[in-house]
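# Descriptive structure summary
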Amino acid sequence: MNLLRPNIASMNGYVPGFQPADIASWIKLNTNENSYPPSPKVVEAILAELGPDGASLHTYPSASSQKLREAAGELYGFDPSWIIMANGSDEVLNNLIRACAAEGEEIGYVHPSYSYYATLAEIQGARVRTYGLTDDFRIAGFPERYEGKIFFLTTPNAPLGPAFPVEYIEELAQRCAGMLVLDETYADFADGNALDLVRKYDNVVVTRTLSKSYALAGMRLGLAIAHPEIIAALDKIRDHYNLDRLAQAACVAALQDQAYLKECCGKIRKTREWFSAELRTIGYNVIPSQGNYVFAASPDRDGKRIYEGLFARKILVRHFSDTILCHGLRISIGTQPEMEKTLAAIKEIG
Ligand SMILES: *Cc1c(COP(=O)(O)O)cnc(C)c1O
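To keep things clear, this report deals only with the structure shown in the data block.

Reading the values: rules and limits
Residues numbered from 1 in each chain as written. Predicted model: local features only at pLDDT ≥ 70, side-chain atom pairs only at ≥ 80, totals over all residues. Heavy atoms only, no water. Phe/Tyr/Trp six-rings, centres within 6.5 Å; stacked < 30°, edge-to-face > 60°. Helix = DSSP H or I, 4+ residues; strand = E, 2+ residues; numbered from the N terminus. Buried < 20%, exposed > 50% of the residue type's maximum accessible area, 1.4 Å probe, protein only. Lys NZ or Arg CZ within 6 Å of the ring centre and 35° of its normal. Near = heavy atom within 4 Å. Polar contact = N/O pair within 3.5 Å; in protein donor to acceptor, adjacent residues only side chain to side chain. Areas by Shrake-Rupley, 256 points an atom, 1.4 Å probe, with all protein chains shown as cover. 1 Å grid on protein atoms, 1.4 Å probe; cavity = no way out; pocket = protein on both sides within 12 Å on 5 of 7 lines; lining within 4 Å. Sits in = over half its atoms within 2 Å of the grid points. Nonpolar A, V, L, I, M, F, W, Y, C, P; charged D, E, K, R; others polar.

## So, the packing of aromatic side chains
Counted according to the given criterion, the structure contains 20 aromatic pairs. Consider the rings of Tyr186 and Tyr293, whose centres lie 4.8 Å apart with planes at 75°: the pair is edge-to-face. A residue pair is termed long-range when its members are at least 10 positions apart, and Tyr186 in the loop between β6 (179-183) and α7 (196-200) and Tyr293 in strand β10 (residues 293-297) qualify at 107 residues. The same class applies to Tyr186 and to Tyr293, which are both buried. Note on Trp274 and Phe275: the rings are 6.5 Å apart at their centroids and 40° apart in plane angle, and the pair reads as tilted. A residue is classified by how much of its surface remains accessible, and Trp274, at 26% relative accessible area, is partly exposed. The buried category is assigned to Phe275, whose relative accessible area is 0%. Ring pairs connect the aromatic residues Tyr14, Tyr109, Tyr114, Tyr116, Tyr117 and Phe152, which therefore count as one cluster. The cationic tip of Arg138 hangs over the ring face of Tyr168; the distance from NZ or CZ to the ring centre is 4.9 Å.

The following block contains the structure:
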């Protein structure tokens, strides 16, 4: 159809992880959601914001989400002018490409990591270059000077699990002529993060989300932390009312309940270590993970077969058809009872 831009007409859309209709009858470990509920304070805040008969909903929400920037700024130790809130971190990833990469210009990322970067680049008409990983978990063949407009680094890496050392990320920041975007979706489950580099390098942006660690995937809440000049540019691009009232109320309550976050992430980390060790005892190679998921593969078992065996038992995990990943599975870490059932099912499948 010649009404469409050729790159839009020819592109494949992004395919998100499968969301079954009868979700309650599954153990759902395929999209790294949190199996625990969000903080009870989040639910209270949403109900309070809604008011009797939904009275608050007839007026627009705050356009700037200023209270959220303040709450996030307080939590991470940045002035609110260094923070932008987003309708899921996907929104801010999209706007970073719109802000930095013109048609025909290049963005880069590690493969395997988050393939949505490529979809966003295609929409923009930007070119994409991917880099593999070395055995010691560094970017293979990363140039002395990377000239692309943005390099996206998912750290901790998903689907594999390890985080890149901060010293290495700092070296990458120096080697990037354009922006280095650190997608720290899973940082709350990790031993550390690279937030300090945002202060030190004006080409470093960190993105975070409340979808995974805060158990709020359904609210669509993300953020970016960057130099105020970058934040100001992103503010020009976003939808002016990008976060609805209920999401804004939920976000402040969630960020302010750090005790709940720590307890929840602590449980998941503990289960992650237990589950990884158990899988190793039955012959799986499990990459040490800093996220709320593990990538596990077994030299004498086919990833697809295990996936199908689990599917038949109403346990949903992620199998990638990509040749470098198809031998294994990415399994989100749910509650301890969910993971005990999953382990029993994997043993049964053999
Ligand atoms: C889940 C995920 C996102 C998207 O997060 P939202 O805030 O839900 O949009 C971004 N990057 C990575 C690596 C993810 O796994």
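## Here we look at the site of the ligand
In the vicinity of the ligand, the residues found are Gly88, Ser89, Asp90, Tyr114, Thr154, Asp183, Thr185, Tyr186, Thr209, Ser211, Lys212 and Arg220. Within the backbone of Ser89, a nitrogen or oxygen atom sits 2.7 Å from an oxygen atom of the ligand. Here an oxygen atom of the ligand sits 3.1 Å away from a polar atom, N or O, in the side chain of Lys212. Relative to its unbound accessible area of 380 Å², the ligand is 91% covered by the protein chains. Using a 2 Å cut-off from the grid points, one finds that the ligand occupies the largest pocket. Of the residues assigned to the shell around the ligand, the class counts are two nonpolar, six polar and four charged.

Interpretation note: all reported values are geometric properties and have no functional meaning in isolation.
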